[in-house]
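Summary of the model geometry
Here is what each chain is made of, one letter per residue.
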Amino acid sequence: MDFDLKNVELQGMQPVKINKEMKSAGITQVPFVTDNPDIISKVAGKEMASKVKKIYFFPYDDPKDDLNDGGVYVYQFNTKKDLDHYLAKNFEQDNYRILVKDLFCIRIWSDYGYNIKGKETSEDHLNKLEKYYTNLGAKKIRLKPDTSNVTVVQ
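Residues numbered from 1 in each chain as written. Predicted model: local features only at pLDDT ≥ 70, side-chain atom pairs only at ≥ 80, totals over all residues. Heavy atoms only, no water.

1. So, the pairing of strand β4 (residues 65-77)
Burial runs high along β4: ten of the 13 residues are buried. Pairing of strand β3 (residues 52-62) with β4 involves ten bridges; the strand directions are antiparallel. Of the residues in β4, the one forming a bridge with Phe57 is Tyr73. The antiparallel hairpin formed by β3 and β4 contains two residues in its connecting segment. Here β4 runs beside strand β7 (residues 104-110); their pairing, made up of seven bridges, is antiparallel. If you follow Tyr73 over to β7, its bridge partner there is Arg107. (Buried < 20%, exposed > 50% of the residue type's maximum accessible area, 1.4 Å probe, protein only. Helix = DSSP H or I, 4+ residues; strand = E, 2+ residues; numbered from the N terminus. Pairing = 2+ DSSP bridges.)

2. A look at the packing of aromatic side chains
Inspection of the entire model under this criterion finds eight aromatic pairs. On the numbers, 5.8 Å between centres and 5 degrees between planes, the contact of Tyr73 with Tyr75 is stacked. Three or more aromatic residues joined by ring pairs form one cluster here, namely Phe57, Tyr73, Tyr75, Phe77, Tyr86 and Trp109. The ring of Tyr96 has Arg107 lying over it, and the distance from NZ or CZ to the ring centre is 3.9 Å. (Phe/Tyr/Trp six-rings, centres within 6.5 Å; stacked < 30°, edge-to-face > 60°. Lys NZ or Arg CZ within 6 Å of the ring centre and 35° of its normal.)

3. Structural notes on the nonpolar core
Most often, soluble globular proteins have nonpolar side chains that are buried together. Ranked by size, the top nonpolar core spans 23 residues in total, and within it Phe57, Tyr75, Phe77, Tyr86, Leu87, Ile98 and Cys105 carry the most contacts. When contributions to this core are tallied by element, the ones reaching two or more residues are α2 (37-44), α3 (46-49), β3, β4, α4 (80-88), β6 (96-101) and β7. (Core = buried A, V, L, I, M, F, W, Y, C linked by side-chain atoms within 4.5 Å.)

4. Section: the pattern of salt bridges
According to the stated counting rule, one finds seven salt bridges in the structure shown. One salt bridge connects Glu130 with Lys140, and the closest N-O pair in it is separated by 4.0 Å. Placement of the pair is Glu130 in helix α5 (residues 122-134) and Lys140 in strand β8 (residues 139-141), with a sequence separation of ten residues. Among the charged side chains, a salt-bridge network with shared partners connects Arg97, Glu123, Glu130 and Lys140. (Salt bridge = Lys/Arg side-chain N within 4 Å of Asp/Glu carboxyl O.)

See below:
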């Protein structure tokens, strides 16, 4: 499965330029792919490093506003149990979607804050990225709802 976002543009954003923080984590280019456990640990967290065989990362940002970003992480898990454990720990949110194919978890996100008439929105970015990966055979999955910020009114 080819995860590289060929010919995908997110209006208002461009591929991220490598910064010091990324270099110190071992990210040397965009898009980025690695099977190095030390780099996976820095990018995805220490807990993930033992469960993930390979990680693919293609971030975008708005060069004029560092609050706008988006892109994709693809985690290739070692086992179905590792994948299921990761999925069980995540919640449904408006700014990202999760797709799965085999042992691959595809996490797309967009935090594009502008809603300009006639221009793409964060939702448009998510739809575009989701379509790209569903055309490659991935399936969108629903995560459990995030109840951490729900207030019950009596």
